[in-house]
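Below, each chain spelled out in residue letters.
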Amino acid sequence: MYNIGLLYCDPTSKTHVYTMKTFTSMLVAAAIALPSLSFANTAFVPPVPEIAGKAYYLVDFYSGQILAARDPDSRVEPASLTKLMTAYLTFKALKEKRLSLDQTLTVSAKGWKTEGSRMFLDPKTPTKVEDLIKGMIVQSGNDACVTLAEAIAGSEEVFGQMMTQQAQKLGMKGTQFKNATGLPDPNHYTTVRDLGILAAAIIRDFPEYYPIYSMKSFTYNNITQPNRNLLLYRDPNVDGMKTGHTESAGFNLIASSHRDGRRVLSVVVGTESAEARAVESSKLLNYGLQFFDTPKLYAAAKPVSELPVYKGNAKSVAIGFSSDVYATVPKGQAARLKADLTTNQPVIAPVKAGQVVGKLVVSLDGKPVNERPVVALKAVDEGNFFSFLGQHQADAWQEITRFPRRRCRQDKPARTDAQPWSGFVVVGVKVMTERQELLQFPCRFPLKIMGEQHESFQMTIIEVVRTHAPDVSERDVQSRDSSSGKYASLTVTVTATSREQLDNIYRSLTSHPMVKVVF
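Along each chain, residues carry numbers from 1 onward, in the same order as the chain's sequence is written. Reporting of local features is limited, given that this is a predicted model, to residues whose pLDDT is at least 70; pairs of side-chain atoms are given and counted only at 80 or more, and all residues count toward the totals for whole chains, interfaces and linings. Based on all heavy atoms of the structure, the side-chain values leave hydrogens and waters out of the count.

### Examining the environment of E371
Residue placement: E371 occurs in strand β20 (residues 367-376). Placed 11 residues apart in sequence, E371 and L360 show a C-alpha to C-alpha distance of 5.6 Å. Other than its neighbours up to four places away in sequence, E371 contacts K359, L360 and V361. Helix and strand definitions follow DSSP, with helices as H or I runs of at least four residues and strands as E runs of at least two, each counted in order from the N terminus. Should any heavy atoms of two residues lie within 4.5 Å, those residues are counted as being in contact.

This is the structure:
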């Protein structure tokens, strides 16, 4: 495991830019100090080996980085690689309790008559779902696929629509399915990139069923059939996934190899034989494992830092990643990785767990190699004004009490028709209610506003007040900094014309992210 120290820009830093009229979301960038990653000093990466196939795709499972590809988005015929999506929807149905492993299903006339490879189901004998899954994966049984599809969707045609819908959810942008088996259809197609996405999704989303793909044979109805993935017999690191073949598609293979804590996935389509697809896939897998490293940079759900939260029932929120973060680089180059974090500030409550609050970009020699969203690890509910004050009690109490509270005074007695105004006056974290205080409008009314020191604090506050008192000018403002230099206090004297005007000014100020206290 490799841990990274995370730095972020303090929102009070002078590198921030605040607009005067509004306080909008900002992108705050910071460099992240990467750890010392120890790998063999092997910088040489040869060209991708020649692959005898129509298209291919090689991806690191953990980082999601593409290591090699040819025509990754060209439309291809998947043949029995289709059964990966049939399996995905079957696993999903099991997870959602719409199917169970010990449930029995009977093959329909359509399923029994389906051409191509089969597990030899008997229409008179119900078969457990568990056996149907093994028959579909190991024996590539088309009869098993149709039986499962009809159980899940009622018909294979509807199941094909579900397959396409699920492909879209997974980000498979160039895929359309028409059947559960992969038998030829002009409107049944995919890409090698999409097949790589699907293979990774099965391993990621349903790891409990992935070991079935490593089974070398399966016996049903007294008939034993071998797994057609020849790499399972030749390479101890290969533990799946699926073969496919039709006359029009050629020989296809998706293979997965796990070695030294790494996993790479290869997709090769359109080769000339079962032997060729195994050989070409082996070239890609070994290339990806031999010449690249994939260090782990962050652990899932582990806080890497905190961001300040405004108007919440907590002062800050821990940030991190929803899943482990890796980066794949040529061997020996991990120490040259650079990570940059950009966060969206201010973060204003409520904040949902998993809410995206920034972006991490990992680069090598100035070129991005991986990008991941940074999320809030916990929820922060919206707080009331009193909890907002409480958040800053420790930091602000001493500073606040240095500034005496002033009231609006008149040289002459208040008129009997003066409008009463009852509002909150804040001293430290104590809240008092002004009662029966009569103000004669118009009058000059001083507002004291305190916030963290920032070069644009004064002008921002003036603009907020001007939305309700347009005649306020810089001559009406007095400012002073606290002895620590952390806080700034402004006294803005407005010509108040009504109680409603003062209430509106107060609400605008107390809801502004830059304002800590108004009194």
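### A look at the sheet that holds strand β9 (residues 250-259)
Taking strand neighbours across the sheet as the criterion, the five strands line up as β3-β2-β10-β9-β8 in an open arrangement whose pairing is antiparallel. Edge positions in the open sheet fall to β3 (66-70) and β8 (238-246), since each of these has one partner strand only. In this sheet, adjacent strand axes meet at a mean angle of 5° when their direction is disregarded. Strand direction decides the pairing type here: β9 and strand β10 (residues 262-271), joined by eight bridges, are antiparallel. From the neighbouring strand, S256 faces β10, where its bridge partner is L265. DSSP calls a pair of strands paired once it identifies at least 2 bridges connecting them. Helix axes are fitted to C-alpha atoms over the stretch in contact, other axes to C-alpha atoms as well, and angles between N-to-C directions run from 0 to 180 degrees.

### Overview of the packing of helix α3 (residues 129-137) against helix α4 (residues 142-153)
At their nearest, the axes of α3 and α4 sit 8 Å apart, and the two run at 135° to each other. With respect to each other, α3 and α4 are oriented oblique. Our pair here, α3 against α4, has a crossing hand that is left-handed. Of α4, the residues touching α3 (which contributes V129, L132, I133, G135 and M136) are A144, C145, T147 and L148. For the contact of α3 with α4, the class distribution of residues is seven nonpolar, two polar and no charged. Roughly parallel means an angle under 35 degrees; roughly antiparallel means over 145; roughly perpendicular covers 65 to 115; every other angle is labelled oblique. Here a crossing is called left-handed whenever its near helix is offset anticlockwise from the far helix by less than a right angle, and right-handed whenever the offset is clockwise. Gly is put with the polar residues, along with every residue not named as nonpolar or charged; the nonpolar set is Ala, Val, Leu, Ile, Met, Phe, Trp, Tyr, Cys and Pro, and the charged set is Asp, Glu, Lys and Arg.

### Topic: helix α5 (residues 156-169)
Here a helix's expected span is defined as the number of its residues, less one, multiplied by 1.5 Å. Under the 1.5 Å per step criterion, the end-to-end length of α5 is 20 Å for 14 residues, consistent within 8% with the ideal 20 Å. Buried residues belonging to α5 abut α1 (83-95), α2 (109-113) and α4. Immediately downstream of α5, the backbone of G171 shows phi near 90°, a positive value.

### Examining the pairing of strand β13 (residues 305-310)
The side chains of a regular strand alternate between the sheet's two faces. The buried label applies to any residue whose accessible area, calculated with a 1.4 Å probe on protein chains only, is under 20% of its type's maximum; exposed applies above 50%, and partly exposed to all values in between. When you tally the buried positions in β13, you get five out of six residues, the bulk of the element. With four bridges connecting them, β13 and strand β14 (residues 316-320) associate as antiparallel partners. Bridge pairing in β14 places P308 opposite S316. Linking two consecutive strands that pair antiparallel, namely β13 and β14, is a turn of five residues; a positive phi of about 65° is found at K311 within it. Where β13 meets strand β18 (residues 347-348), two bridges bridge the pair, whose relative direction is parallel. Paired with Y310 across the two strands is I348, which belongs to β18.

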